[in-house]
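The chain contents come next:
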Amino acid sequence: MTITEPALTVAAGWKPNATYPEPPRKTARPRLERFIDAMLSMGQTGQVFGEHGIGKTSTFMSYIPEAYPGTEVVLIPAANLTPDDLLVNAPVRDDRSGELALRQLLMRQLRPGRPFVLLIDDSLQAGDTIQAQLMQVACNWTLGEHDLRALGCVGVFLTDNESAAETSARRSDLAVLDRMVTLRITANDTGWRHHLAARHSGWDLTEVFRLWAGLSPYLRHLLSPRTLEHVLDCARDGFPLRWGLPLLNGARVELSEPGQDGSPGKDRTGEILDRIAAAVGAANPRSVPDPVRRILRAAVRNRWAVLLQGPPGCGKTEVTKQVVAEEIGRPPVYFSLPVTNVEDLCVPIPTPDGTLDVLLTRSLLGPDPKVLVWDEYNRPKDKSTFAKLMEVTQEWSLAGRPISHLRAQVALQNPPYHLGRKLLVSSNNVAQASRFTVSYEVRPEDIPANQWLIDTYGEVAEVVLDWWKNDIDDEGREWVTKRTLERLIKLHQVGEPLETGLIYLGEGEYAPIPLAGLRERLSGRRTIGIRELAAEADAWEARLAAAAAASSEGTADSDTVHQIFANAEVSQLREHIEVVARLLRHLPPKLRATYLVGQAEAKQRFWVDAFARMPKG
């Protein structure tokens, strides 16, 4: 069976947008689309090489169903395959003799019941056994005893990136190479510009495309069309555009070109992203309030895959579970990678109709909305499990089966280094790293764990948090995570030594944090916090009035009250809002202004209320 002529006209399915108000001319069709047409008409295997993120796979997935109605694309992510995924020998009852006989069962996707094009993606990343199976498919369009043409196959294509950093094999057998037509493509050979223009139909992206084309080849490789899509998605949601750049081995990719001697060149990240923002009339903020919650909500709303990287114990997992439950009304589907096997996700099984089906884990089935959480993402138990995840994050499917009602994916991981110590995490390449729409480096202050501690443990938590905020320096606060704070609170409640709650480093050494100040606070010795301030409101109001009269910049008393306000949690401020409003009037204007800038929504609402209650005069 062959296909001789695509049914797609130039204007089929075309919708005008701000970038392309008129349909493209037929001669302007991307080179890859014309190559697909030629291979299908010839009945020839096509091999396509090109860099990551330029739209190779998405071109096949979108173009073929439109150009050839009734033809399905069967995508086989080769990097994720095991030898039993495609073909397996299984005992089957023979219809004539009634005896059990071995029969080669084929994966169900290769029997779709209608004409199909087989797309073998990441073909050079498969293992040796899979390579042998795939080469039989590519050369003869057969697999084991099965003729794929008889099953409806009308085309076979292999795609990959030839970069040695992203492949595990090289195709060198001339007997194999002589069976294929090979096309090497660049970003200019796919229709990614039209895809982006349709995705952001209200924005004229002409200047963005011109800016991208003017970059050097090296910078275009870093800012691939896929990454540019993520940058524009961030702009659309009001996020900093740099969040769309991937985290490669824990570090944000910088748009800088190395010098001829290999030394780092000028970092142009800010300049380039500011120009992209200006081209579409969007802001490029340096930060946003409550970033982790906003990213998670945007992921569910927009069907994104996002990556949150943060130090151990900062609360990434708990806040993710909480926000997901709020957004979809049920907990996320949670997997911890260090203890997850491939078999925990899916297994191939024989079926009565003589095919090889894939059995998914129960948590991935059903009509309920789902958000997948991949915890400890860069600590996989084995390479095969991580390979399976690449399909899920890229295609939102598992072993070729789409995951129904999947609303978002959240990967959580630690950085490679923290507090000068190397963590046991795996590395990645830019093709893997660029799968996420948002990649965010979580800071401890981004997670509102302080309020949770107060709500859970009451006044003891307030005392411990006051010590954490005021008595130790920035490095000390990195050693004392919110998880550690909770241990310290619990140890105090049961009367055990506080030192045992610090991170143990081995050989009798604990994290270098002095606890004398915490012991003093917990013993009830006098300290100044929001409660103490409220208890002596009249005296503090007099001191602040004197400070305001002495200097428009305030005095040490002004700084003390300002620091107490800045460190207090919303619940503490609300409890004493009348006192806060009285004292607020006497603080210097420059200090008052900081309470409304860059704050989380709940704090901003409080300060609006406090300013409204502030006495006049």
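Here's a quick rundown of the structure. The structure presented is a predicted model; accordingly, all values stated were derived computationally and were not measured.

Structural notes on the sheet that holds strand E12 (residues 305-309)
Alright, step 1. Judged by pairing direction, the sheet is parallel, and its five strands sit side by side in the order E13-E16-E19-E12-E22 without closing on themselves. Lying at the two open borders of the sheet, with one neighbouring strand each, are strand E13 (333-336) and strand E22 (438-441). On average, adjacent strands in this sheet sit at an angle of 15° to one another, irrespective of strand direction.
Alright, step 2. Taken together, the five bridges between strand E16 (residues 370-375) and strand E19 (residues 406-413) define a ladder with parallel strand orientation. Among the inter-strand pairings, Val373 is bridged to a residue of E19, identified as Val410.

Topic: helix H10 (residues 269-280)
Alright, step 1. In this model H10 runs 17 Å from its N-terminal to its C-terminal C-alpha over 12 residues, within 8% of the 16 Å that 1.5 Å per residue would give.
Alright, step 2. Among the residues of H10, Thr269, Ile272, Leu273, Ile276, Ala277 and Val280 are the ones counted as buried. Down the axis of H10, the buried side of the element spans an arc of 135°, and every buried residue falls inside it.
Alright, step 3. Those residues of H10 hidden inside the fold are in contact with helix H7 (206-213), helix H8 (217-222) and helix H9 (225-236).
Alright, step 4. Count one or two residues on from H10 and you reach Gly281, which has phi positive near 70°.

Thoughts on the nonpolar core
Alright, step 1. Phe157, Leu223, Leu228 and Ile276 are the most contacted members of the largest nonpolar core, which has 48 residues in total.
Alright, step 2. In contact with Phe157, other than residues within four places in its own chain, are Phe35, Ile36, Met39, Leu40, Gly46, Phe60, Val117, Leu118, Leu119 and Ile120.
Alright, step 3. Counting 28 residues, the second largest nonpolar core, distinct from the first, contains Cys314, Ile328, Ala408 and Val438.

What to know about the side chain of Lys603
Alright, step 1. Structurally, Lys603 can be placed in helix H27 (residues 601-613).
Alright, step 2. An unpaired buried charge is present at Lys603: no salt bridge exists, and Glu569, the closest side chain of opposite charge, is 5.7 Å distant.
Alright, step 3. Within the local environment of Lys603, its side chain forms a polar contact with the backbone oxygen of Ala568, the two atoms lying 3.1 Å apart.
Alright, step 4. In this structure Lys603 touches Phe565, Ala566, Ala568, Val570 and Leu573, once residues within four positions along its chain are discounted.

Quick notes on unusual backbone geometry
Alright, step 1. Backbone geometry places Trp141, a non-glycine residue, at a positive phi of 60°.
Alright, step 2. With relative accessibility at 3%, the residue Trp141 sits in the buried group.
Alright, step 3. At Glu376, a residue that is not glycine, the phi angle is positive and equals roughly 50°.
Alright, step 4. Mapping Glu376 onto the fold places it in the loop between E16 and helix H14 (383-395).
Alright, step 5. The class for Glu376 is partly exposed, based on a relative accessible area of 23%.

Regarding a nonpolar patch on the surface
Alright, step 1. On the surface, Leu596, Val597 and Val608 cluster together to form a nonpolar patch covering roughly 260 Å² of accessible area.
Alright, step 2. Here Val597 is to be found in the loop between helix H26 (589-593) and H27.

Describing the sheet that holds strand E5 (residues 116-121)
Alright, step 1. Pairing in this open sheet of five strands is parallel, and the strands run E2-E5-E8-E1-E9 from one edge to the other. Only two strands of the sheet have a single partner each, and these edge strands are strand E2 (72-77) and strand E9 (180-184). Taking the axes of each pair of neighbouring strands and ignoring which way they run, one obtains an average angle of 20° across the sheet.
Alright, step 2. Contacts from helix H2 (residues 56-67) reach strand E1 (45-49), E2, E5 and strand E8 (153-160), with the element oriented near 160° to E2.

A word on the pattern of salt bridges
Alright, step 1. Under the criterion given, the structure shown has 33 salt bridges.
Alright, step 2. Put simply, Arg114 and Glu72 hold a salt bridge, and the shortest N to O gap is 3.1 Å. Pair noted here: Arg114 is in the loop between strand E4 (100-107) and E5 and Glu72 is in strand E2, with a separation of 42 residues, a long-range link.
Alright, step 3. The salt bridge partner of Glu578 is Arg613, with a shortest N-O separation of 2.3 Å. Taken as a pair, Glu578 in helix H25 (residues 577-584) and Arg613 in helix H27 lie far apart in primary sequence, 35 residues in all.
Alright, step 4. Classification of Glu578 by relative accessible area gives partly exposed; the value is 46%.

Parameters at a glance
Residues numbered from 1 in each chain as written. Predicted model: local features only at pLDDT ≥ 70, side-chain atom pairs only at ≥ 80, totals over all residues. Heavy atoms only, no water. Pairing = 2+ DSSP bridges. Helix = DSSP H or I, 4+ residues; strand = E, 2+ residues; numbered from the N terminus. Axes fitted to C-alpha atoms, helices over the stretch in contact; angles between N-to-C directions. Expected span 1.5 Å × (residues − 1). Buried < 20%, exposed > 50% of the residue type's maximum accessible area, 1.4 Å probe, protein only. Arc of directions from axis to C-beta. Contact = heavy atoms within 4.5 Å. Core = buried A, V, L, I, M, F, W, Y, C linked by side-chain atoms within 4.5 Å. Lys, Arg positive; Asp, Glu negative; His and termini not counted. Salt bridge = Lys/Arg side-chain N within 4 Å of Asp/Glu carboxyl O. Polar contact = N/O pair within 3.5 Å; in protein donor to acceptor, adjacent residues only side chain to side chain. Patch = residues over 30% accessible without salt bridge, like charges linked within 9 Å, V, L, I, M, F, W, Y side chains within 5 Å. Areas by Shrake-Rupley, 256 points an atom, 1.4 Å probe, with all protein chains shown as cover.

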